[in-house]
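Structure at a glance
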Amino acid sequence: RKTTAYEKVCFENRLLPKFMTRVKDAVSGPVLDLCSCGLGDDQLVAVFADSELVPWPQIRRWRLRDARMRDRGAQHLAKILKAVEALDLTKNEIGFVGARSLADALEDKSFEQLRRLDLSANILNDDAASCLASALKNCDGLLRLDLQHNYLQDGQHLGELIAGHSQLTRISLRRNRITGPGMAALFRGILENVRNGGQLADVDVAWNPMASDGLPAAKAMAQVFQESATLYHCDLSYCQLDFAACAALGEGLRDNHSLYGLHIVGNSATMDADGFLTPLESSKISQGTEAGVRFGGPQAGPEALLGAGSFLQEEDLKGRDVLEMRSACWACEGWERQEIVWLCDPKESPKAVWAFTSLDAFRRPLRLYPEGAQGQWRSYKAARMVPPGYRLKVLFQVDSTLRLMPEERIAQPVEITLRICKDLPDLNPKEEQIVRTDISPRSGRKIFVASLPEVNVIRTEPGSPKTEARGVVADGPVDGSVVLLPRVTETEFKAQVKRAPPFWSNFRHETPALRRDSLRMDWMRCRLGHVVPETEIEDIKKALEPHVGWLMCLYRRLSSMDVSGETGFGISQIQAGELMMSTGICDGSTTKVADIDRFFIAAKVTPAELKKTLAVVNDKTLVRYEFLELLLRVAHHHFLKSGAAENMAEATVLILKAFEPDGRRAEQELHEFFRALCTEAADDLYKKHADLLAMVYKRFGGSKTPPGKPKFMALGEFQQLLELANIHGLGFQPRQSSLAFRMSMMCQNDESGSSRFQEMTLLEFQMAIGAVAFLAADCRESEMLSMLKRIFKLLLALGKVSKAS
């Protein structure tokens, strides 16, 4: 038999070629799996030298976990890597030299297909991380980077990598030595990734020491929580964050609706079953009281440990230790959806049903909603997520009374504060259930505290069919495999509460009927006797009608540029000339600038009798009907008189075609604004600040309202508000204030006979704040919500100053 290259190298180095069969079995198509074989550098160098034994040009997935590889082995591996998809080098002894060789290979060769790099449990330091971070910037397809159990202390270089990498979805730095400043640098890079539209979804930085300087890192994390819409899982376990740092995290989480899983055990905070974080001061930790199911904090018993139950290593995807405390992460802990049902007698028709559960010590009720027709057995249902094997204790409030189902009960006295709602505004509880009464400091209503000596117990049957729910796809224990972990969204998990109408529900958008009426009103005021023959009037209107929408959007945009409260809305003579030149109408031959000026002046001529009937007259700029008249006069001169069109209807079609690209862009901008603003997250934010907005509107509006008319906010007042609140410090240009004003106003069919189009109501003021945020965010929907939060903070500060003065 011919001596193989592997055997030859072994003989030269006095090695026993004993791994030939093992290596042959390890090759399976594009996969090489030498995990836990313990070859060592000498044997690995010999194996890599034999391209027949290891056909390295065709290997796409290298699994070299626990192969006793050191720097020399990594150097030889770097020389033969080609078109790699996954590289697993976990549990080896690779240091700076080996990492630099791998980095050089990544920089010199094309690794667009690299999806995963795992260098966990090696001896990498910050210099090694710097080399790798610089090289991985060339790997545009990288999805996952694992550097757990190393000796990293600074996250600066990895933060720079994350900031510019749009495809990276998971970064794991568990059990390193990254302190507060290094972690802050890392999360600043993550924040930049968020703002650049990155896809980072999972960040694991557990077991990094931040006991003494964690506040800067916590503030950087909080900023990510505030702005990210893609981050769904974050592990901060055992980072030793103190009370102040955890308080900063809680502030960042206040309006976050995208983070599905957060591990906070081993820090100065607890988290309840609904994901609410409570910072803890050591001097204020409550003892001996029932607080529901809580996760984290310094006083966990042995039953709270992962290893307390059946815990298998292959079941865990995060590399956690069995001595860690359990978290409230639904995906990692395998939480299950539990349906809660109240069966109602056909003779009853409750106005409202709530369920109080032991998960939160019976504090926050879950609203149940009816299914089935009246006159039959109706069920009121809701659902929530519970830990696996948890015995959920439940107590029901049916209208004003505490009640139990006939199922299993146990003795446990519970006190409940009875709830009210819109469907049940008044309570008439049973006297024998009332423990005490009180007066609400907020509403002045009477509060009833009731009690029952027993509660129901809901058990989850082993092997019972699970209700259909969404899932989170995570990496499985074998490279390339996936595991589907149960997950529902917040709205599915909570009480399935029907949302109240959004704040914008009364905002009237444009309709075809409104556009037709607007065209009719504008046409009535146009003076086109010698330009439009009577025989062509209907044909011209038909040509205009399909385009009125974008035409009005174009006028609104042009008429609001560089406008102040003193000048009023309209298109100036200079703007009209620039518009005609940008569309190619004013070409210097058929139509000259002097012609545009002449038509502008002609369109501005308003008969004295007509002026008396108008509520809005602008002597310097074109109002909406005058803009329409200008277009038709230009169409008559440029297309009809030049012979490019046979009649005025055809000339109208040609000028509309010239203006349509600009008009469609203006229309698209308005649609994108409404789409970005009209979201549940924005609605929640607006409702949270409803009182603030009403106060600011009342404080700054109304000074220019004529006597006898309802109070409104004028453009000048709106501009003054933005200036005093320093909104322009967010990158919002002062010249855009009038545009934001116009974008938020409901379209009016008449902008001359009525001044309503420039009289801002409270609802339109709320929309205008959204328009300011949209424009300040450069029309990027992804940054709209974070910009709104920054604006509300400025308005809140302005409101406090106004109250003080």
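Let me begin by describing the structure that accompanies this report. (Residues numbered from 1 in each chain as written. Predicted model: local features only at pLDDT ≥ 70, side-chain atom pairs only at ≥ 80, totals over all residues. Heavy atoms only, no water.)

**Some remarks on the sheet that holds strand β7 (residues 170-172)**
Judged by pairing direction, the sheet is mixed, and its ten strands sit side by side in the order β1-β2-β3-β4-β5-β6-β7-β8-β9-β10 without closing on themselves. Looking at the sheet topology across the chains shown, the edges are occupied by β1 (27-28) and β10 (261-263). Summarising the sheet, strand β4 (residues 86-88) and strand β5 (residues 116-118) pair through three bridges and their orientation is parallel. Directly across from L87, in β5, lies its bridge partner L117. (Pairing = 2+ DSSP bridges. Helix = DSSP H or I, 4+ residues; strand = E, 2+ residues; numbered from the N terminus.)

**Concerning helix α23 (residues 715-724)**
Of all the ten residues making up α23, seven are buried; the element is thus mostly covered by neighbouring parts of the structure. Looking only at α23, the buried set comprises L715, G716, E717, F718, Q719, L721 and L722. Remark: N726 follows α23 within two positions and exhibits a positive phi of approximately 60°. (Buried < 20%, exposed > 50% of the residue type's maximum accessible area, 1.4 Å probe, protein only.)

**Some words on the side chain of R384**
Here R384 is to be found in strand β17 (residues 378-386). By relative accessible area, R384 is classed as buried at 3%. Within the local environment of R384, its side chain forms a polar contact with the side chain of T357, the two groups lying 3.1 Å apart. (Polar contact = N/O pair within 3.5 Å; in protein donor to acceptor, adjacent residues only side chain to side chain.)

**With respect to the pairing of strand β16 (residues 366-371)**
Judged from the three bridges that link them, strand β15 (residues 353-357) and β16 form a sheet pairing that is antiparallel. Each residue of the ladder has a partner; that of A355, found in β16, is L366. Note: β16 against β17, three bridges, orientation antiparallel. The residue bridging P370 from the neighbouring strand is Y380, located in β17.

**Some remarks on the packing of helix α5 (residues 96-108) against helix α6 (residues 126-136)**
Between α5 and α6, the least distance of the axes is 8 Å, while the angle of their chain directions is 10°. By the angle between their axes, α5 is roughly parallel relative to α6. Residues F96, A99, R100, A103, L106 and E107 of α5 touch α6, and the partners they reach there are D127, A128, C131, L132, S134, A135 and L136. The class makeup of the residues in the contact of α5 with α6 is nine nonpolar, one polar and three charged. (Axes fitted to C-alpha atoms, helices over the stretch in contact; angles between N-to-C directions. Parallel < 35°, antiparallel > 145°, perpendicular 65-115°, else oblique. Contact = heavy atoms within 4.5 Å. Nonpolar A, V, L, I, M, F, W, Y, C, P; charged D, E, K, R; others polar.)

Remember that the coordinates give geometry; whether it matters functionally is a separate question.
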